[in-house]
There are 2 protein chains.
Amino acid sequence: MKKIDILKKLRSSNLRPTKQRVEIAKFLFEREKTFHFTVESLNKLLTKKSTSKIALATIYNTVHAFKAAGHLSEVEVRGNKSYFDTNVSNHHHFYDSETAELIDINANDIVIQKIPKAPNGKKIKNVEVFINLKN
Amino acid sequence: MKKIDILKKLRSSNLRPTKQRVEIAKFLFEREKTFHFTVESLNKLLTKKSTSKIALATIYNTVHAFKAAGHLSEVEVRGNKSYFDTNVSNHHHFYDSETAELIDINANDIVIQKIPKAPNGKKIKNVEVFINLKN
DNA sequence: TTTCACTTTAGAATAATTATAAACTAGTTT
DNA sequence: AAACTAGTTTATAATTATTCTAAAGTGAAA
Ligand SMILES: [Mn+2]
Ligand SMILES: [Mn+2]
Ligand SMILES: [Zn+2]
Ligand SMILES: [Zn+2]
């Protein structure tokens, strides 16, 4: 991903490209593989990586703006903390409770043969599969 | 479910059958259908139903003891609160984000045809499917 | 260079949960 | 029965994750 894409992500999230936001966006989006994180883990990694420390509120605000713009998704998984995901396409997860880590599963690596119909007046928005792991 | 079963549930959870615990256990387990709840919702319902109010800490402690003993399961779902489930068998859920409600899906109403193998050194503990609903 | 909307930040507030410690309860021993 | 004791309940404090607030900072445009 090029720098121009970072700026696009920021603009499309209605965020001006400030120093802090560019740093967060580059950290999140300039990578090959999916990145799963909590705000806490992201904060630690950013602190380690860069000299200047970004306020936690700025990280929350920026992450939420990216989520609202569809550049991040939120994964519901065991625990109290919110997990975010740079993979915003429809996909599934392994969840390793030992390490509290998520691993992507490509949407077409899981095929569901039979599925119940939605309750009266409701429609199916999406289907999420979690494969919980043990050692 | 008879009263004797309530006492069994308590004993097998290493809980003496005190007035408060029996009241919680009866409320949770003396019912036909699955009951999904948060500690907050359970507390409200218990307060409404009975004259004596049970301390929140007692509800937390009792619910956690039931969970540890396998009489309740915890469902991971969107939001900050923990959801508990009187259905401890392997099953799936509809999740209605409008109402923040869970609805059971019988395990054999979902058939998965293709599933990826677990990462190196890990095994599959279980598979949970969430069907998110919209109006 | 002044303006002004937007931004960052530290710290306060809130919400869910867990911990603490004092008062209470009910079996068991004397 | 009275004393003892292990376990229990409870109010309240502490903790954790998140959101809010308001003051100070920033920078493009007038
Ligand atoms: Mn959350
Ligand atoms: Mn939880
Ligand atoms: Zn993912
Ligand atoms: Zn259920």
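On a predicted model such as this, the values are computed, not experimentally measured, just so you know.

What follows concerns the protein's contact with DNA strand C. Around DNA strand C sit 15 residues in total, of which Thr18 and Arg21 of chain A together with His64, Lys81 and Ser82 of chain B are the nearest. Within the contact set of DNA strand C, a phosphate oxygen lies 3.5 Å away from a side-chain nitrogen or oxygen of Lys81 of chain B. Elements that contribute at least two residues to the surface near DNA strand C include exactly helix H2 (19–29) and helix H4 (56–68) of chain A together with helix H4 (56–68) of chain B. Among the elements that line the surface near DNA strand C, the one with the most residues is H4 of chain B, at three residues. In the surface near DNA strand C, the residues fall into five nonpolar, six polar and four charged.

A separate point is the pattern of salt bridges. For the structure shown, the criterion picks out eight salt bridges over all chains. In this structure, the salt-bridge partner of Lys122 of chain B is Asp96 of chain A, at a minimum N-O distance of 2.7 Å. Pair noted here: Lys122 of chain B is in the loop between strand S6 (111–114) and strand S7 (123–134) and Asp96 of chain A is in strand S4 (residues 92–96), and the two residues belong to different chains. By sharing partners, the salt bridges in this structure join Glu40, Lys44 and Lys81 of chain A into a single network.

Here we take up the sheet that holds strand S2 (residues 73–75) of chain A. Residue and element names in this part refer to chain A. Read from one edge of the open sheet, three strands run S1-S3-S2, paired in antiparallel fashion. Single-partner strands in this sheet number two, and they are strand S1 (36–37) and S2. When S1 meets strand S3 (residues 83–85), the two strands line up antiparallel, connected through two bridges. What sits directly across from His36, in S3, is Asp85.

Cut-offs and rules
- Along each chain, numbering runs from 1 in the same order as the chain's sequence is written.
- In the order they appear in the text, chains get letters beginning with A and ligands get numbers beginning with 1.
- Only residues with pLDDT of at least 70 get local features here, since the model is predicted, and only at 80 or more are side-chain atom pairs given and counted; chain-wide, interface and lining totals rely on the full set of residues.
- To get the side-chain values, all heavy atoms of the structure are used, and hydrogens and water are removed first.
- Here a residue is considered near a molecule or strand provided that any single heavy atom belonging to it is located within 4 Å of it.
- Think of a polar contact as two N or O atoms within 3.5 Å of one another; within protein, one of them needs to be a possible hydrogen donor and the other a possible acceptor, and neighboring residues in sequence only count if both atoms come from side chains.
- Numbering of helices and strands starts at the N terminus; helices are DSSP runs of H or I of at least 4 residues and strands are runs of E of at least 2.
- Residue type decides the class: Asp, Glu, Lys and Arg count as charged, Ala, Val, Leu, Ile, Met, Phe, Trp, Tyr, Cys and Pro as nonpolar, and the leftover types, Gly among them, as polar.
- For salt bridges, the criterion is a side-chain nitrogen of Lys or Arg within 4 Å of an Asp or Glu carboxyl oxygen.
- Two strands form a pair only when DSSP identifies at least two bridges running between them.

Honestly, it's all geometry; don't read function into it.
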